[in-house]
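A look at the structure
Each chain is listed here by its residues.
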Amino acid sequence: MNQMALDKAAVLAEALPYIRQFSGKTVVIKYGGAAMAAADLKAAVMQDIALMKYVGMHPIVVHGGGPEVSGMAKQMGIEPRFVDGLRVTDAATMAIAQMVLVGKTNREIVTHLVEQGVKAVGLSGQDGGLIRAVRHLHRSRTGEMVDLGFVGDVAAVDTAVLETLTAAGYVPVIAPIGLGPGGQPYNINADTVAGAIAAALKAEKLVLLTDVEGVRADKDDPGSLLSRVTAQEVQGWIARGKLEGGMIPKLQCCITALEGGVNRVHIIDGRVPHSLLLEIFTDEGVGTMVIK
Ligand code: ADP
Ligand code: MG
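Residues numbered from 1 in each chain as written. Chains lettered and ligands numbered in written order. Predicted model: local features only at pLDDT ≥ 70, side-chain atom pairs only at ≥ 80, totals over all residues. Heavy atoms only, no water.

The name that an unreviewed UniProt entry assigns to the chain is Acetylglutamate kinase, with the source organism given as Symbiobacterium terraclitae. According to UniProt, the comment filed for the chain under the heading Pathway (unreviewed entry) is "Amino-acid biosynthesis; L-arginine biosynthesis; N(2)-acetyl-L-ornithine from L-glutamate: step 2/4." Recorded under Subcellular location (unreviewed entry), the UniProt text for the chain is reproduced unchanged: "Cytoplasm". (UniProt positions renumbered as here; feature names shortened; annotations may be inferred.)

Here you go:
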């Protein structure tokens, strides 16, 4: 028997305890960034999700799509603006976000999964009343209140539609838009949505794919990856301004998820092919694990 074949067998054997541990369990995946943009990375993530489904897990996908929303906004003459990692969303930007995220991005992910033999179903937070939103009142790090427009916080999650779909063997794919008072749609950070859904479902695991190796002790030093961070450390960093941009809502959502009863929360590098597979099925420590 050649060594490569033995190595392959070892890898499969290593996966067994993880397959047993997670069989029948819910895993929420936040999909975004490079893993969504590059065709080869996209195909790898779709395979990983298909594999999870085929070994009996219940993957639930929440996707971002910020760059595509920005691209379309620019085409329509609107310059995207961000405050502390959150998109300033006027009525026109909200309409564009909805068109792009629900009409295009969500459709593409569903199509890819169906092509992999996974019965994926696309939803936005509006479907089945899944996500109720309220306007996000934003206090900037310098202390003043900033009007971000139709940027929402999650007010409530009704998981009924997700439970119905997963029980019937479907994989829900969710666009991060919530339904606000008076039927107003709100744009919600996809990490925030993933965290809230994971908490509402008491998911076994929440995995956030991003465009860095994980959380860095020094945000500009790729060599400073932290393999574990605690909720307390994160609160301190936010207070001291050590985190920037999208990492703030990302880590906040990790804490919300842990406090809400999610067992494990990981931030992993979506630029690495099959990082999801490595995280779920191997002993390899990838990215950052956030703990209570
Ligand atoms: P995503 O599409 O994954 O939500 P974001 O841009 O919203 O991506 O958030 C991740 C970004 O946060 C990183 O690409 C990085 O530029 C930034 N960031 C800020 N502080 C840190 C830190 N301490 N460690 C890692 N990334 C950080
Ligand atoms: Mg983000």
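Here's the deal with the UniProt feature "site: Transition state stabilizer" (unreviewed entry) in the chain
When the UniProt feature table is mapped onto this chain, "site: Transition state stabilizer" (unreviewed entry) is found at Lys30 and Lys250. Considering the C-alpha atoms alone, the annotated residues occupy 221 residues of sequence yet fold into one spot, their largest mutual distance being 10.1 Å. If you trace the backbone, lysine 30 turns up in strand 1 (residues 26-31). Once residues lying within four places of it in the same chain are set aside, the contact partners of lysine 30 are Val62, Gly64, Ala190, Asp191, Ala194, Val207, Leu208, Leu209 and Lys250. There is a polar contact of 2.8 Å between the side chain of lysine 30 and the side chain of aspartate 191. Relative to the elements of secondary structure, lysine 250 occurs in helix 9 (residues 247-259). Accessibility expressed as a relative area gives 6% for lysine 250, which makes it buried. With sequence-adjacent residues up to four places away left out, lysine 250 is seen in contact with Lys30, Asp191, Leu208, Thr210 and Ile267. Polar contacts involving the side chain of lysine 250 include one to the side chain of aspartate 191, which spans 3.0 Å. (Helix = DSSP H or I, 4+ residues; strand = E, 2+ residues; numbered from the N terminus. Contact = heavy atoms within 4.5 Å. Polar contact = N/O pair within 3.5 Å; in protein donor to acceptor, adjacent residues only side chain to side chain. Buried < 20%, exposed > 50% of the residue type's maximum accessible area, 1.4 Å probe, protein only.)

Focus on the UniProt feature "domain: Aspartate/glutamate/uridylate kinase" (unreviewed entry) in the chain
Those places that UniProt annotates as "domain: Aspartate/glutamate/uridylate kinase" (unreviewed entry) correspond, in this numbering, to residues 25-269. Summarising residues 25-269: 40% helix, 25% strand, and an end-to-end C-alpha distance of 23 Å.

Comments concerning the pairing of strand 10 (residues 171-175)
Counted residue by residue, strand 10 has five buried out of five residues, so it is predominantly covered. Burial along strand 10 is two-sided: the face carrying Val171, Val173 and Ala175 and the face carrying Pro172 and Ile174 are both buried. In the sheet, strand 2 (residues 58-63) pairs with strand 10 via two bridges, with the strands oriented parallel. The residue bridging valine 62 from the neighbouring strand is isoleucine 174, located in strand 10. In this structure, strand 5 (residues 120-124) lies alongside strand 10, joined through five bridges in parallel fashion. Across the sheet, the residue bridging to serine 124 is alanine 175, located in strand 10. (Pairing = 2+ DSSP bridges.)

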